[in-house]
Amino acid sequence: QDVLALEAKPQPWRPQGYERHVQPCVAELLGTALFTFLGCLAVLEDSGGTGRLQPALAHGLALGVTVAVLGSI
């Protein structure tokens, strides 16, 4: 009986339902909300001289912050 217990292979770790389904959805929701919110704010505060540069930089910053904060998920 002890020999059989030593030969049993441990099962690989599998994430539970929360980590497989809910956590990525929450990360996607937060990332999209931040991306949209900062992009809209950049367009509202257009000073006239920046043109397309200000919204582009705001979206890039939002994407970088989202990856840095939520990248481990």
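See above for the structure.
Below or above, wherever it landed, is the structure these notes cover. A quick note: this is a predicted structure, and the numbers were derived from the prediction, not measured. (Residues numbered from 1 in each chain as written. Predicted model: local features only at pLDDT ≥ 70, side-chain atom pairs only at ≥ 80, totals over all residues. Heavy atoms only, no water.)

1. Description of helix α3 (residues 53-70)
Which entries qualify depends on this criterion: Helical segments are the DSSP runs of H or I of at least four residues, strand segments are the runs of E of at least two, and each set is numbered from the N terminus. Between the first and last residue of a helix there are one fewer steps than residues, each counted as 1.5 Å, and that sum is the expected span. Exposure is judged per residue with a 1.4 Å probe applied to protein chains only, and the accessible area is read against the type maximum: over 50% gives exposed, under 20% gives buried, and values in between give partly exposed. Of all possible arcs, the one meant is that of the directions from the helix axis to the C-beta atoms. The contact rule is simple, with two residues in contact once any of their heavy atoms fall within 4.5 Å.
The terminal C-alpha atoms of α3 lie 25 Å apart, and with 18 residues this matches the ideal 26 Å at 1.5 Å per residue to within 8%. Taken residue by residue, α3 has P55, A58, A62, T66 and L70 as its buried positions. Around the axis of α3, the buried residues are gathered within 70° of arc, so they sit on the same side. α3 presents L53, L57, L61, V67 and A68 as exposed residues on the side facing more than 90 degrees away from its buried surface. Among the structural elements, α2 (17-44) are those in contact with the buried residues of α3.

2. A few points about α2
The α-helix advances 3.6 residues per turn, and as a result positions three or four apart in sequence lie on the same side. Note the following rule: Bend is computed residue by residue as the angle between axes fitted to the seven residues ending at the residue and the seven residues starting at it.
The terminal C-alpha atoms of α2 lie 40 Å apart, and with 28 residues this matches the ideal 40 Å at 1.5 Å per residue to within 8%. The sharpest bend along α2 measures roughly 25° and falls at Q23, with the proline P24 sitting one to four residues further on. Those residues of α2 not exposed but buried are A27, G31, G39 and A42. Contacts from the buried residues of α2 go to α3.

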